[in-house]
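Analysis of the macromolecular model
Here's the letter readout for the chains.
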Amino acid sequence: MVSVPRIVIAAPASGHGKTTVATGLLAAYAKRGLPVAPFKVGPDYIDPGYHALAAGRPGRNLDPVMVGEDRIGPLFAHGSAGTDLAVVEGVMGLYDGRVGAGDTGSTAQVAALLDAPVVLVVNAAAQGRSVAALVHGFRSFGSVRIGGVILNQVGSDRHEALLREACEEVGTPVLGAMRRAAAVEAPSRHLGLVPVAERRSEALASVAALASLVESSVDLEAVLALARSAPALHAEPWSPEAEEPVAGRPVVALAGGPAFTFAYAETAELLAGAGAEVVVVDPLRDEALPEGARALVVGGGFPEVYAAELSANEQLRKAVASAAAAGLPIVAECAGLLWLCRTLDGAPMCGVLDADAAMTPSLTLGYRDAVALSDSPLLPAGSRITGHEFHRTSVHPRSGLLLEPAGGAAWAWRGADPEGFAAPRLHASYLHLHWAADPAIARRVVAAAAA
């Protein structure tokens, strides 16, 4: 039984201010000394970074499409252990989920799985009494419990009074009314907000400003009372500990730093739980792999933004190429794939893959139900798993032979040509995975390191 008070921050659509409100609430409660646990619905990597900065503990994802709905409660119990409040930021609109799958993967589904009340954030900048119709519609549609509204982008006292009166007409409590504030804005680029790791000092200032804005604009006691109305949740906390950890504690290098910020907190936990000693390597600054490294895991991020700096680190590039040629197990996804290529936008990269990468004007985005086509350190051929693509780059060739004759394409999924590169000791593709979906992945990687 999990009795952590919890709320879900949702909105009618993207752009209403969910991240602003969720991060501000986390920062405001943490400022008061309340231990808070941050979560994000869906596959997003960037928002959890701001959540973590505000809460002082890892931001985690709850994605029923990637890990299955049965793991949402256990992952929530694991991530909220030892806290007095959990704040779950939704994704897109309240009922928006995987395309063509109803509310699967939606904020509403996660709220239902957690039996958590919802706070609806509404950008009211261009609305008056019509906000009542919008709020009433969301309360009437579906079965989630909307416990109140936070109005965002309110223009004046008169505007606020009009909005509050409209919400009262439909019996929905207004828990806060936030004015427009430039100090809380975070810069964006082609894949969303700029990650915290790239602007830490500015991000700290933004989070502090968010805390002040929320403290002055939101009824924190009312929000906390709503969170405490959530009933006890029947869930056994998820554990990253493998039943049979690999012996010898092999060192697994995990890429980090500003260029590689896309990583779920559970990845490092699972590697450690499978018996590895996890050591972070920053490809922008470190000129060698960690001493004794027996495997390398490279997640996602923005290597295209740092192509010149990554290319300038010739010592590490050559070290990775030499290690790969010597059989070091390497697992890379998205940004890691680009870094392993021969070039990225013409800049020399590691050259592990006989392929070249480049930025494109189009966004590739969506869940993929994938089948592994080749054996690799990640999964055996024939394995099925759901992942997520999110990039504005392309790799040529899209898939192909690697360093070994046994190599081939990594994945196949409906409606697309085979993608990625896989061999017995190397796996590189665009597909992001949440390893909690199949904890055997981590043990397989660690076992490859030990071998």
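Residues numbered from 1 in each chain as written. Predicted model: local features only at pLDDT ≥ 70, side-chain atom pairs only at ≥ 80, totals over all residues. Heavy atoms only, no water.

Turning our eyes to something else, we now look at the overall build of the protein chain. Within the protein chain one finds 14 helices and 20 strands. Radius of gyration (C-alpha) of the protein chain: 23 Å, near the 22 Å computed for a compact globule of 451 residues. Dimensions of the protein chain, computed from C-alpha atoms along their principal axes, come out at roughly 70 × 45 × 45 Å. In the protein chain, which comprises 451 residues, the proportion classed as buried is 58%. Summarising the internal contacts of the protein chain: among those between residues at least 6 apart in sequence, 74% fall at separations of at least 24. For the protein chain, the exposed area adds up to about 17300 Å²; of that, 52% sits on carbon and sulfur atoms. When the 34 positive and 46 negative side-chain charges of the protein chain are each reduced to one mean point, those points stand 3 Å apart. (Helix = DSSP H or I, 4+ residues; strand = E, 2+ residues; numbered from the N terminus. Rg over C-alpha atoms; globule rule 2.2 N^0.38 Å. Buried < 20%, exposed > 50% of the residue type's maximum accessible area, 1.4 Å probe, protein only. Contact = heavy atoms within 4.5 Å. Areas by Shrake-Rupley, 256 points an atom, 1.4 Å probe, with all protein chains shown as cover. Lys, Arg positive; Asp, Glu negative; His and termini not counted. Charge placed at Lys NZ, Arg CZ, Asp CG, Glu CD.)

Taken in spatial order, the 6 strands make up an open sheet running β11-β10-β12-β13-β20-β19, and their pairing is mixed. On the outer flanks of this sheet lie β11 (277-281) and β19 (421-423), each paired with one strand and no other. Going from strand to strand, the sheet's axes swing by 15° on average, the running direction of each strand aside. In this structure, strand β13 (residues 330-333) lies alongside strand β20 (residues 426-429), joined through 4 bridges in parallel fashion. Counted as the bridge partner of E333 is S429 from β20. Where helix α10 (residues 265-273) meets the sheet, it contacts β10 (251-255), β11 and β12 (293-298), and its direction lies at approximately 140° from that of β11. (Pairing = 2+ DSSP bridges. Axes fitted to C-alpha atoms, helices over the stretch in contact; angles between N-to-C directions.)

Looking now at the pairing of strand β17 (residues 384-396). The buried fraction of β17 is high, at 10 of 13 residues. Here strand β16 (residues 356-372) pairs with β17 via 12 bridges, running antiparallel. Across the sheet, A358 pairs through a bridge with S394, a residue of β17.

Moving on: helix α9 (residues 220-228). Restricting attention to buried positions, one finds in α9 the residues L220, V223, L224, L226 and A227. Take α9 and look down its axis: the buried residues cluster within an arc of 155°, on one side only. More than 90 degrees from the buried face of α9, the exposed residues found are E221 and R228. (Arc of directions from axis to C-beta.)

Opposite charge on two side chains makes pairing possible when the charged atoms of those side chains draw close. Summed over all chains, the structure comprises 16 salt bridges. Here R98 ties to D369 by a salt bridge, and the two come within 3.0 Å at their closest N and O atoms. Pair noted here: R98 is in the loop between β4 (85-89) and α5 (107-114) and D369 is in strand β16, with a separation of 271 residues, a long-range link. Judged by its relative accessible area of 45%, D369 is partly exposed. Because the salt bridges share partners, they merge into one network encompassing D157, E160, R164 and R179. (Salt bridge = Lys/Arg side-chain N within 4 Å of Asp/Glu carboxyl O.)

On to the nonpolar core. Membership of the largest hydrophobic core comes to 116 residues, with the highest contact counts inside it found for L25, W411 and W435. In terms of residues, this core owes the most to one element, helix α1 (residues 18-31), which gives 7 residues. By size, the runner-up hydrophobic cluster in this structure holds 41 residues, among which are A259, L284, L310 and L316. (Core = buried A, V, L, I, M, F, W, Y, C linked by side-chain atoms within 4.5 Å.)

This next bit is on the sheet that holds strand β1 (residues 6-10). Adjacent strands of a sheet pair through backbone hydrogen bonds, lying either parallel or antiparallel. Spatially, the 7 strands line up as an open sheet ordered β3-β2-β4-β1-β5-β6-β7, and their pairing is parallel. Each of the sheet's edge strands pairs with one partner strand only, and the pair in question is β3 (60-62) and β7 (174-179). Adjacent strand axes in the sheet meet at a mean angle of 25° when their direction is disregarded. One ladder, built from 3 bridges, connects strand β2 (residues 36-41) with β3; its direction is parallel. Paired with F39 across the strands is R60, a residue of β3. Relative to the sheet, α5 contacts β1, β2, β3, β4 and β5 (118-123), its axis offset from that of β1 by approximately 170°.

Contact pair helix α4 (residues 72-80) / α5: the axes reach a minimum separation of 9 Å and the direction vectors enclose 75°. Classified by the interaxial angle, the pair formed by α4 and α5 is roughly perpendicular. Residues I72, G73 and F76 of α4 lie in contact with α5, whose contacting residues are V110, L113 and L114. Here the contact of α4 with α5 is composed, by residue class, of 5 nonpolar, 1 polar and no charged. (Parallel < 35°, antiparallel > 145°, perpendicular 65-115°, else oblique. Nonpolar A, V, L, I, M, F, W, Y, C, P; charged D, E, K, R; others polar.)

The next subject is unusual backbone geometry. Residue P397 is reached from H396 by a cis peptide bond, and omega for that bond is -5°. Of note, the phi angle at M92 is positive, near 50°, even though the residue is not glycine. Its location among the elements puts M92 in the loop between β4 and α5. Phi is positive for Q153, close to 60°, though the residue is something other than glycine. Assignment of secondary structure puts Q153 in strand β6 (residues 146-154).

In the contact formed by α1 and helix α8 (residues 200-217), the axes pass within 7 Å of each other and the chain directions differ by 85°. Taken together, the axis directions place α1 and α8 in an arrangement best described as roughly perpendicular. Within the contact between the two elements, α1 uses T20, V21, T23, G24, L25, A27, A28 and K31 and α8 uses V207, L210, A211, S212, V214 and E215. Looking at the contact of α1 with α8 residue by residue, the classes come out as 8 nonpolar, 4 polar and 2 charged.

On to the environment of H159. Inspection of the secondary structure assignment puts H159 in helix α7 (residues 157-169). The buried category is assigned to H159, whose relative accessible area is 13%. Spatially, the C-alpha atoms of H159 and A265 are 42 Å apart, while their sequence positions differ by 106 residues. Excluding anything up to four places from it in sequence, H159 contacts A124, A125, Q127, Q153 and V154.

Nothing here speaks to function; it is geometry throughout.
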